[in-house]
Amino acid sequence: MKYDVKPCRILYKREIAQGIFDFLLDAEDFAKAAKPGQFVHILVPGKTLRRPISICDIDAEAGTLRIVFQIRGEGTEILSQMKIGDHMDVLAPLGNGFDLGDTNRKALFVGGGIGVPPLLGAAKKFGKNATVAVGFRNKETAILEADFARAGCRVFVATDDGSMGHHGLVIDCAKDVEADVIFACGPTPMLKAVCELAKERGIPCQISLEERMACGIGACLGCATPLLREDGTQYFGHVCKDGPVFDYTKVVL
Ligand SMILES: Cc1cc2nc3c(=O)[nH]c(=O)nc-3n(C[C@H](O)[C@H](O)[C@H](O)COP(=O)(O)OP(=O)(O)OC[C@H]3O[C@@H](n4cnc5c(N)ncnc54)[C@H](O)[C@@H]3O)c2cc1C
Ligand code: FES
């Protein structure tokens, strides 16, 4: 499906951690077409530019999309105040999602902070073949670990202050995990460490990037990012259209 714009009714809403909201949207056509790792672009009432939010989970049968977002500024604050029954103006599905390939492989998912939501839908496809390592500042900001566990994934949590799980970096939990493929989303230092791990192991790795966006469809250069060609030369691509998921060998972090 090519992208489209539709009003999507909010079916459910909950603050799952301080300033982090979980919304379920009635979005039948989008749910049929969307892939894990793609994103929706939401019009904020009273604002000109849409806000990009990853698709956290897809239920094609129920016709719903789940999004989980953190209040970062005015736009996300306004979205967080929308109520059950309100309609969000959604442009979707956008970008290239994760290329999951054979879900019988052992997959390692590594997520940091608000980079964790886009991994859920993909990890669910791997179920018990997925090991998920997620890192947060502290216990209060930890999200979705129970959702991964419910999907049958093995879950490791790391926190900066040791208030939950491993005291330290999420990559510490990921280092010794046996895996055929890695999927990751989170802050740049974490992504760099994940790419190093993939390189050391010689296994494929896909990472999801975040960049400031305007149009979300490749028309404005708002999300330009340096990318690598096969021969190693650089060019500028679009995170919104060429990504947000990239093969780790194609990006310059
Ligand atoms: C592909 C993609 C997926 C994302 N998925 C999620 C998600 O699942 N959950 C989540 O909490 N956040 C996600 N983000 C980040 C989210 O888009 C920003 O936090 C949000 O746009 C901030 O808007 P604001 O008005 O609250 O903040 P402000 O800082 O007031 O925003 C001002 C402008 O900058 C843009 N902007 C600011 N920060 C970002 C950013 N980090 N990325 C892109 N644009 C930004 C806004 O769109 C807006 O145009 C994602 C970003 C991208 C690019
Ligand atoms: S946001 Fe306009 S080109 Fe990507």
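Worth saying up front: this structure is predicted, and the values here are computed from it rather than measured.

A. Geometry of the site of ligand 1. Lining the immediate environment of ligand 1, one finds 22 residues, of which Ser54, Phe69, Gly73, Gly75 and Thr76 sit closest. When residues of the shell around ligand 1 are traced back to their parent elements, those giving at least two are β4 (50–54), β6 (64–70), α2 (74–80) and α3 (117–126). Of the residues belonging to the shell around ligand 1, the class tally is 11 nonpolar, five polar and six charged.

B. Geometry of the pairing of strand β9 (residues 130–136). Of all seven residues that make up β9, seven are buried, and the element is covered over most of its length. Of the two faces of β9, the one carrying Ala130, Val132, Val134 and Phe136 and the one carrying Thr131, Ala133 and Gly135 are both buried. At this point the chain moves from strand β8 (residues 107–112), through α3, to the parallel β9, and the crossover so formed is right-handed. The sheet contact formed by β9 and strand β10 (residues 154–159) spans six bridges and is parallel. From the neighbouring strand, Thr131 faces β10, where its bridge partner is Arg154. For the segment spanning β9, helix α4 (residues 145–150) and β10, crossover handedness is right-handed.

C. Structural context of the sheet that holds β4. If you trace the seven strands from one edge of the open sheet to the other, you get β4-β3-β7-β1-β2-β6-β5, paired in antiparallel fashion. Pairing within the sheet leaves two strands with one partner each, and these edge strands are β4 and β5 (57–59). In this sheet, neighbouring strand axes are inclined to one another by 35 degrees on average, regardless of whether the strands run parallel or antiparallel. Across three bridges, β5 lies against β6 in antiparallel orientation. Each bridged residue has a counterpart across the sheet, and for Asp59 the counterpart in β6 is Thr64. Running over the sheet, α3 touches β4, β5 and β6 and is turned about 50 degrees from β5.

D. Fine view of the sheet that holds strand β12 (residues 181–185). One open sheet accounts for seven strands, arranged β11-β10-β9-β8-β12-β13-β16; its pairing is mixed. Each having just a single partner strand, β11 (166–167) and β16 (245–247) make up the two edges of the open sheet. For strand β13 (residues 205–208) and β16, the ladder comprises three bridges, and the chain directions are antiparallel. Its bridge partner being in β16, Ser208 is matched across the sheet by Val245.

E. Quick look at α3. By the criterion of burial, α3 is predominantly enclosed, with eight of the 10 residues buried. For α3, the full list of buried residues reads Pro117, Pro118, Leu119, Leu120, Gly121, Ala122, Ala123 and Phe126. Where α3 terminates, the next one or two residues include Gly127, which has phi positive at roughly 50 degrees.

F. Seen up close, the environment of Ala130. Position of Ala130 relative to the elements: it lies in strand β9. For Ala130, a count of 25 C-beta atoms within 10 Å puts it in the buried group. Through-space distance from the C-alpha of Ala130 to that of Gly152 is 7.9 Å; in sequence the pair is 22 residues apart. Dropping the residues within four chain positions of it, Ala130 is found in contact with Ala107, Phe109, Ala123 and Cys153.

G. Representation of the domain arrangement of the protein within the structure. What the domain assignment reports for the protein is domain 1 (4–94), domain 2 (98–208) and domain 3 (211–253). Taking the mean C-alpha position of each, domain 2 and domain 3 sit 22 Å from one another. In this assembly, 10 residues from domain 2 lie in contact with seven residues from domain 3. Per-element accounting of the side of domain 2 that touches domain 3 gives the leading share, five residues, to helix α6 (residues 188–201). Each residue belonging to the side of domain 2 that touches domain 3 can be placed in one class, and the counts come to six nonpolar, three polar and one charged.

H. Geometry of unusual backbone geometry. Residues Ala92 and Pro93 are joined by a peptide bond in cis, for which omega reads -15 degrees. Examined against the element boundaries, Pro93 turns out to sit in strand β7 (residues 87–94). Cis peptide bonds are those with omega within 30 degrees of zero, and the linkage from Gly243 to Pro244 qualifies with 5 degrees. Here Pro244 shows up in the loop between α7 (239–242) and β16. Of note in this structure, Leu144 is not a glycine but carries a positive phi near 65 degrees. Mapped onto the secondary structure, Leu144 falls in the loop between β9 and α4. Residue class for Leu144 comes out buried when judged on the 24 C-beta atoms lying within 10 Å of it. Backbone geometry at Leu221 places phi at a positive 70 degrees, although glycine is not the residue there. As for its position among the elements, Leu221 is in the loop between β13 and β14 (224–228).

Thresholds applied
- Residues numbered from 1 in each chain as written.
- Chains lettered and ligands numbered in written order.
- Predicted model: local features only at pLDDT ≥ 70, side-chain atom pairs only at ≥ 80, totals over all residues.
- Near = placed C-beta within 6 Å.
- Helix = DSSP H or I, 4+ residues; strand = E, 2+ residues; numbered from the N terminus.
- Nonpolar A, V, L, I, M, F, W, Y, C, P; charged D, E, K, R; others polar.
- Buried ≥ 20, exposed ≤ 12 C-beta atoms within 10 Å, placed from the backbone.
- Right-handed = clockwise from strand over helix to strand, strands pointing away.
- Pairing = 2+ DSSP bridges.
- Axes fitted to C-alpha atoms, helices over the stretch in contact; angles between N-to-C directions.
- Contact = placed C-beta atoms within 7 Å.
- Domains from an automatic or database assignment.

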